[in-house]
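If you want the building blocks of each chain, they are given just below.
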Amino acid sequence: MPFADLGLSPEVLRAVEEVGYVEPTPIQAQAIPYVLMGRDVLGSAQTGTGKTASFTLPMIDILTSGRARVRMPRSLILEPTRELAAQVAEHFETLGKNHKLTVALLIGGVSYDDQDRKLDRGADVVIATPGRLLDHFVRGKLLLNGIEILVVDEADRMLDMGFIPDVERICKLLPFTRQTMFFSATMPPEIQRLADKFLHSPERIEVAPQATAAATIVQRLKRASDDPAAKREALRALMRETAVKNAIIFCNRKKDVGTLYRSLQRHGFNVGALHGDMDQHQRTATLDAFRSGQIAFLAASDVAARGLDIPDVSHIFNYDVPIHPEDYVHRIGRTGRAGREGFAAMLVTPKDYKALKAIEKMLGYEIAWIDGAPSEEEQREAESERPYGNGRHRRGNRSRRNKRPHGSGGQPGHSPKHPAQANAHHGRDRDERRHEHPKHPHPGERKAHSHPAPQQNKPQSQPQQQPHRPRQQGMGDHVPAFMMRPVRVT
Ligand code: AMP
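Quick caveat, the model's predicted, so the values are computed rather than measured.

## Considerations on the overall build of the chain
Of regular secondary structure, the chain possesses 16 helices and 14 strands. The burial tally for the chain puts 46% of its 490 residues in the buried class. In the chain, 80% of the contacts between residues at least 6 apart in sequence involve partners at least 24 apart.

Next comes the structure, spelled out in structure tokens:
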């Protein structure tokens, strides 16, 4: 179906053409006509599906009639991270260039003054992280009773970051008669509950099966030791072995992002770091440097994983096995974008076997090992050595009020270098930084004083019955180094 059949205005169609979109993506083809009709929409779609334009394009047309009033924005888009919010604002500016809509970006880590000025002039669209939006509201700089359209983007990420209470609070501050859209990659019960509460007879649109990895990404596993120095050495070996143009290296904890960043720097890698404790200017500067190729490697936490549109990343290295299986798909989804070939390798220590199984179960296949898979015996041994519980991390609703961000921001563990870092406390507000957990309990790493899960305390004497799953790409256990070059998956 061509864009012209979706009901968009000629001005919007012109912007679409200028930006180079030829055909609507499935989410756009399905959602745009309903959004234009004023219907509520509940969209199951990941980033990379074109979901942003599925709400921005019709919003531009809807908002063209009518005018914004002082401090009374007409529409609101909530995003879980500052980067995503900035990305959507940029998107709005590009696609709305033939219209005279005013966009206000309200995110933490930057000055309130500019944001206040934008609101004072009257904004057609506010794109915000929940914390900063509520801060403006509490300061009396923003009235929410003029909102006609609400978009909650990446709702499951909001849940992961503990933002749902804020999102609920914001929803309750908005007029009852409004159009609401929720977009989420997955639909956990908490998001469904929220959708049932705040959407009215929504049109349900599902465009991709939940959590599928692009077929163009070659995935590999590499055995690693629990010893941090040996693990870092294993990573460096991987980075040197493959023809890496640029890569994001994911860690589960902010602390480890810092350690890894410093270690890679010492070993001569051209690396930057990105996590939620850094001030916004530094984060933006680091991302820009990575996008432009000034730095080739980015050590990052999951805050960087979701939704960022960095079009050309050749490799993803998972220094840690992610705790939530779906984070694996989001992480590796930074490579192999837009049909390009990508490569993702993950270090796996004996403690990670259980988390790895959960990832493979979600993917529906086993990932090939570079140096041969651990034997069943080794896996059983590793399992029986885990003294307490399965350490499963609870989703959502974490207390965020007791977690003030710490440190001065900037490159982890370094004294501030960037001029903006002198300002690191500036705008330190309720934002996503405090939702990244310095201590993310790893499965199998719970302390003795935590509540043991009795049935999992017992060493497993019997091998667990594993359903047979195909290996990715039909590879055997051993994958020689030369095969680590990205190859198209058939
Ligand atoms: P999103 O899922 O909204 O983050 O979009 C992912 C990428 O797809 C962005 O770089 C968009 O610019 C791009 N994109 C969105 N819609 C289209 C389209 N209809 N045709 C080609 N590219 C698109």
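## Topic: the pairing of strand S1 (residues 41–44)
Both faces of S1 are covered, namely the face carrying Val-41 and Gly-43 and the face carrying Leu-42 and Ser-44. Where S1 meets strand S6 (residues 179–184), four bridges bridge the pair, whose relative direction is parallel. When the sheet's bridge partners are listed, Val-41 is paired in S6 with Met-181. The pairing of S1 with strand S7 (residues 203–206) spans four bridges and is classified as parallel. Opposite Ser-44, over in S7, you have Glu-206 as the bridge partner.

## Structural notes on the nonpolar core
Counting 69 residues, the largest nonpolar core has Ala-85, Leu-105, Ile-127 and Ala-128 as its most contacted members. Among the elements that make up this core, the one with the highest residue count is helix H4 (residues 82–95) (seven residues). Counting 49 residues, the second largest nonpolar core, distinct from the first, contains Ala-273, Ala-300, Ala-355 and Leu-356.

## Side note on the environment of Pro-188
Mapped onto the elements of the fold, Pro-188 is located in the loop between S6 and helix H9 (189–198). Spatially, the C-alpha atoms of Pro-188 and Asp-156 are 7.2 Å apart, while their sequence positions differ by 32 residues.

## Topic: the packing of helix H2 (residues 26–37) against helix H3 (residues 51–64)
Packed helices, taken two at a time, are described by the angle between their axes plus the distance between the axes. Where H2 meets H3, the closest approach of the two axes is 9 Å, and the angle between their N-to-C directions is 30°. One finds that H2 runs roughly parallel with respect to H3. For the pair H2 and H3, the crossing hand works out as right-handed. Seen from H2, the contacting residues are Ile-27, Gln-28, Ala-31, Ile-32, Val-35 and Leu-36; seen from H3, they are Lys-51, Ala-53, Ser-54, Phe-55, Leu-57, Pro-58 and Asp-61.

## A word on the packing of helix H13 (residues 325–332) against helix H14 (residues 353–363)
Put simply, H13 and H14 touch, their axes get as near as 8 Å, and they point 70° apart. As judged from the angle between their axes, H13 and H14 are roughly perpendicular. Mapping the contact onto sequence places Pro-325, Glu-326 and Tyr-328 in H13 and Ala-358, Ile-359 and Met-362 in H14. Its residues assigned to classes, the contact of H13 with H14 comprises five nonpolar, no polar and one charged.

## Remarks on the confidence of the model for the chain
Here the chain shows a mean pLDDT of 78. Residues at 70 or above account for 74%. Low pLDDT, under 50, characterises residues 387–490; the stretch is placed with 191 contacts to residues that sit more than four places away or in other chains.

## Brief notes about the site of the ligand
In the neighbourhood of the ligand, 13 residues make up the surrounding shell, with Tyr-21, Thr-47, Gly-50, Thr-52 and Ala-53 lying closest. Tallied by class, residues from the shell around the ligand come to three nonpolar, seven polar and three charged.

## Comments concerning the sheet that holds strand S10 (residues 271–274)
Spatial ordering of the open sheet is given by S10-S11-S9-S12-S13-S8-S14, a layout of seven strands whose pairing is parallel. One side of each edge strand has no neighbouring strand; the edge strands of this open sheet are S10 and strand S14 (368–369). Set on the sheet, helix H12 (residues 280–292) makes contact with S10 and strand S11 (297–300); between it and S10 the angle comes to about 140°.

## Here's the deal with the pairing of strand S3 (residues 103–106)
Alternating positions in S3 separate into two faces, Val-103 and Leu-105 on one and Ala-104 and Leu-106 on the other, with burial throughout. Two elements, S3 and strand S4 (residues 125–128), share four bridges in a ladder whose sense is parallel. Following the sheet pairing, Leu-105 is matched in S4 by Ile-127.

What counts, and where the lines are drawn
Residues numbered from 1 in each chain as written. Predicted model: local features only at pLDDT ≥ 70, side-chain atom pairs only at ≥ 80, totals over all residues. Helix = DSSP H or I, 4+ residues; strand = E, 2+ residues; numbered from the N terminus. Buried ≥ 20, exposed ≤ 12 C-beta atoms within 10 Å, placed from the backbone. Contact = placed C-beta atoms within 7 Å. Pairing = 2+ DSSP bridges. Core = buried A, V, L, I, M, F, W, Y, C linked by C-beta atoms within 7 Å. Axes fitted to C-alpha atoms, helices over the stretch in contact; angles between N-to-C directions. Parallel < 35°, antiparallel > 145°, perpendicular 65-115°, else oblique. Left-handed = near helix turned anticlockwise from the far one by under 90°. Nonpolar A, V, L, I, M, F, W, Y, C, P; charged D, E, K, R; others polar. pLDDT = per-residue confidence, 0-100. Near = placed C-beta within 6 Å.

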